[in-house]
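Each chain, letter by letter, is given below.
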There are 2 protein chains.
Amino acid sequence: MAKKNAFYAQSGGVTAVINASACGVIETCRKHRDRIGKVYAGRNGIIGALTEDLIDTSKESARAIAALRHTPGGAFGSCRYKLKSLEENRAEYERLIEVFEAHNIGYFFYNGGGDSADTCLKVSQLSEKMGYPIQAIHVPKTVDNDLPITDNCPGFGSVAKYIAVSTREATLDVASMAKTSTKVFVLEVMGRHAGWIAAAGGLASGEDMELPIVILFPEVRFDQDRFLAKVDAMVRKHGYCSVVVSEGLRWPDGHFVSDQGTRDAFGHAQLGGAAPVIAGMIKEGLGLKYHWAVADYLQRAARHIASKTDVEQAYAVGKAAVEMALAGKNSVMPAIVRKSSKPYRWTIGEAPLKKVANREKMMPKSFITRDGFGITAKCREYLEPLIRGEDYPPYRNGMPQYVRLKNVAVPKRLPAFELR
Amino acid sequence: MAKKNAFYAQSGGVTAVINASACGVIETCRKHRDRIGKVYAGRNGIIGALTEDLIDTSKESARAIAALRHTPGGAFGSCRYKLKSLEENRAEYERLIEVFEAHNIGYFFYNGGGDSADTCLKVSQLSEKMGYPIQAIHVPKTVDNDLPITDNCPGFGSVAKYIAVSTREATLDVASMAKTSTKVFVLEVMGRHAGWIAAAGGLASGEDMELPIVILFPEVRFDQDRFLAKVDAMVRKHGYCSVVVSEGLRWPDGHFVSDQGTRDAFGHAQLGGAAPVIAGMIKEGLGLKYHWAVADYLQRAARHIASKTDVEQAYAVGKAAVEMALAGKNSVMPAIVRKSSKPYRWTIGEAPLKKVANREKMMPKSFITRDGFGITAKCREYLEPLIRGEDYPPYRNGMPQYVRLKNVAVPKRLPAFELR
């Protein structure tokens, strides 16, 4: 088999550990120099491939690549750019394959969520038809934890840990203030359609420290009266409570509570602002003093409190992607397989992309308490191992030492290509 | 000198390290059992003293008290309850002294900001007049860092570290997304009148990692056109930027950008919501896609990323307060004295309460860059030592192990007292 180069790109919203997957891909490729040439990264994701704006990762030191493991954000840039269907825009897929051919790229590692799994699948399919074989491997990543087959998604565990820890801390704060001042703390968290991140707020309360937490899941139809009654009961019993509200919470008519009317490149509603709406209800309906926070990017960028399990898994899927490529696999995704919860044991399995692309995994009903405001023991058993362990970045003078790569461009070989 | 008991109370907004001061007070008192009897804590701050709702801290194990050092929030409850002037409500001050006398309390340790320094001073003054001597020592605490005389305030360093780290992380995130999506990230931080916390956002960028950060200080009159021009220039140059906006930012007419029209018990405006206002301006004025976050309680409760310097100083002022009391001092506050910045060396000095009460320390003009959107080298030199060092709490199963005390009540000896 002739030696081919590899292409790696990051897609969609970045996470605290997506660079750990990049680290896994690049370090593993470097260990197989006999089979894999250089690793080129797409500058700003798939756009880098379309515009032939490739980054030569061989210009980075082993030390810089190793530091990706503890660096949040997307080291090569990501993008929100969804390729249309083959019928609608075949030219883009053909361009990708032209670029891969021009740079002798035989391996396509695409690090993203459901949309990019779909792109990955299409590239693989078209490359066969076009007679330039590309092994396309999808590397899972999404804080939303909504990819199917894999037990969980790299990126989620660290957000979950951040939300669980932050909710515990803020709830201790509101507990202190409740006698004369704030009685309800409202925290808005990410999760457009699936309530996985909101569920993590439930971990703030545990056997070691019971705290009154009310969760508003996107999966549960919002009933304002029942919600206010729940908060009222919590405050009467404990003197205070915290509310963890998903940005994806919807009114009974289906509209997002937080809908600001704007859309992103994938056509998804751009959300943000459920917390002040909920806080206003609490003030008006119950007359209670509140504070509210919107974690937004802080939650998915918080490498300083990343889950060790998550970091290890993010690295492992990157490494496994390369190993699958070397084993001749195509159109697959390394998936995290849970062997047991207590003790937590996991391994890496293999999922066909056909079964991954464009499917969202919702929270099972059995994970939400009957009243709709909390997590069940089953949910807790699922979530707990994912936030386990700390993996602190190195610090200097009080600040985390994150790496910025040189990101040296690969000389272009093709004429320019106009993006749609 | 007859052996007296001590009283300790927490006042106002709590911090990630106020319990470290409590730990310093209690552990130091326990080392001087020959001179100091029990330490009683006020349940929910000074209200606990007024209503004779005292907590017997001698019921807590040495281990539980030690764990206060790494536990955020206020372990005994705090309150927002400002005693009126002696003329307006002498009965409350007299009640305090009655309660102290009934429980043989000779030491009053009050852990709070400017308002509580004032209360502390008045208690000391009145106790002399009433012939029941109380040594009143104020233990400084405020995330706002606005107490005079002391070089900095315990609680501030940890918020500053949280904001600096979070801003760095979120800025790496927006940098990754900027090509096709979010170009500006807006983070709202606390600081009603003084821009100390906002200034900490400037530490996100340093010699080790330069990042485009725009700061909106409460000290600088907000000029929307100049602000938008600054953001525009940053985005043109770097492709993205972050904006750190103080909740205390004011319109040219003096109104808070975030004013929601509500007031707290001290009559201060309750703020929150500058970030969405600023984000909206960026969208409307520049057409740039944004994300915004409001850190709110998360920032001051974030014990998981506390500054080691801050934790040490919070403990030290608690310890010093007791040592001052034992040395016969009255109406004083332990103050942090900076001996040098490079290398950072500090010690504990003594400030008379008359010079502390009801004074706010603003940011010096020399700490803000000429354009009003950044911090100077002088400011950086001041801030950097305060965020230095990490002081992680212990974790179990992925969650920080914070302590909750038993908070056993001391039997009452007096008739009930009606709060105003």
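Everything that follows concerns the structure shown earlier in this document.
What you are looking at is a predicted structure, and each value in this text was computed from that prediction instead of being measured.

Comments concerning the interface of chain A and chain B
In this assembly, 66 residues from chain A lie in contact with 66 residues from chain B. For the side of chain A that touches chain B, the elements supplying multiple residues, two or more each, are helix 6 (156-177), strand 11 (290-294), helix 10 (297-301), strand 14 (395-396) and strand 15 (399-400) of chain A. Sorting elements by how many residues they give to the side of chain A that touches chain B places helix 6 of chain A first, with 13 residues. Residues that form the side of chain A that touches chain B fall into these classes: 31 nonpolar, 19 polar and 16 charged.

Observations concerning the environment of B:R95
Residue and element names in this part refer to chain B. Considering the arrangement of structural elements, one finds R95 in helix 4 (residues 90-102). You can call R95 partly exposed: it has 19 C-beta atoms within 10 Å. Put simply, R95 and K237 are 142 residues apart on the chain and 63 Å apart in space, counted from C-alpha to C-alpha. Not counting residues up to four positions away in its chain, the partners in contact with R95 are L50 and F417.

Structural notes on the relation of the copies chain A and chain B
If you rotate chain A by 180° and push it 0.0 Å along the axis, it lands on chain B with an RMSD of 0.0 Å. Put plainly, the chains are arranged around a two-fold axis. Nearest to the rotation axis, the C-alpha of A:V294 is located 2.5 Å from it, this being the minimum over chain A.

Section: the pairing of strand 4 (residues 105-112) of chain B
Regular strands have side chains that alternate between both faces of the sheet. Residues and elements named next belong to chain B. With eight of eight residues buried, strand 4 is to be regarded as a mostly interior element. Across six bridges, the pairing between strand 1 (residues 4-10) and strand 4 is parallel. Within strand 4, the residue paired with A9 across the bridge is Y110. Inspection of the sheet shows strand 4 paired to strand 5 (residues 135-140) by six bridges, in the parallel sense. By the bridge assignment, Y110 is partnered in strand 5 with H138. For the handedness criterion, the β-α-β arrangement of strand 4, helix 5 (residues 114-130) and strand 5 is classed as right-handed.

Focus: helix 8 (residues 224-238) of chain A
Residue and element names in this part refer to chain A. Along its 15 residues, helix 8 runs 21 Å from first to last C-alpha, staying within 8% of the 21 Å computed at 1.5 Å per residue. Restricting attention to buried positions, one finds in helix 8 the residues F227, K230, V231 and M234. Along the axis of helix 8, the buried residues cluster in a sector spanning 95°; they form a single face. Facing away from the buried surface of helix 8 by more than 90 degrees, the exposed residues are D225 and R236. Where helix 8 is buried, its residues meet strand 6 (184-189), strand 7 (213-216), strand 8 (241-246) and helix 9 (274-286).

Cut-off values and rules
- Residues numbered from 1 in each chain as written.
- Chains lettered and ligands numbered in written order.
- Predicted model: local features only at pLDDT ≥ 70, side-chain atom pairs only at ≥ 80, totals over all residues.
- Contact = placed C-beta atoms within 7 Å.
- Helix = DSSP H or I, 4+ residues; strand = E, 2+ residues; numbered from the N terminus.
- Nonpolar A, V, L, I, M, F, W, Y, C, P; charged D, E, K, R; others polar.
- Buried ≥ 20, exposed ≤ 12 C-beta atoms within 10 Å, placed from the backbone.
- Least-squares fit on C-alpha atoms with pLDDT ≥ 70 in both.
- Pairing = 2+ DSSP bridges.
- Right-handed = clockwise from strand over helix to strand, strands pointing away.
- Expected span 1.5 Å × (residues − 1).
- Arc of directions from axis to C-beta.

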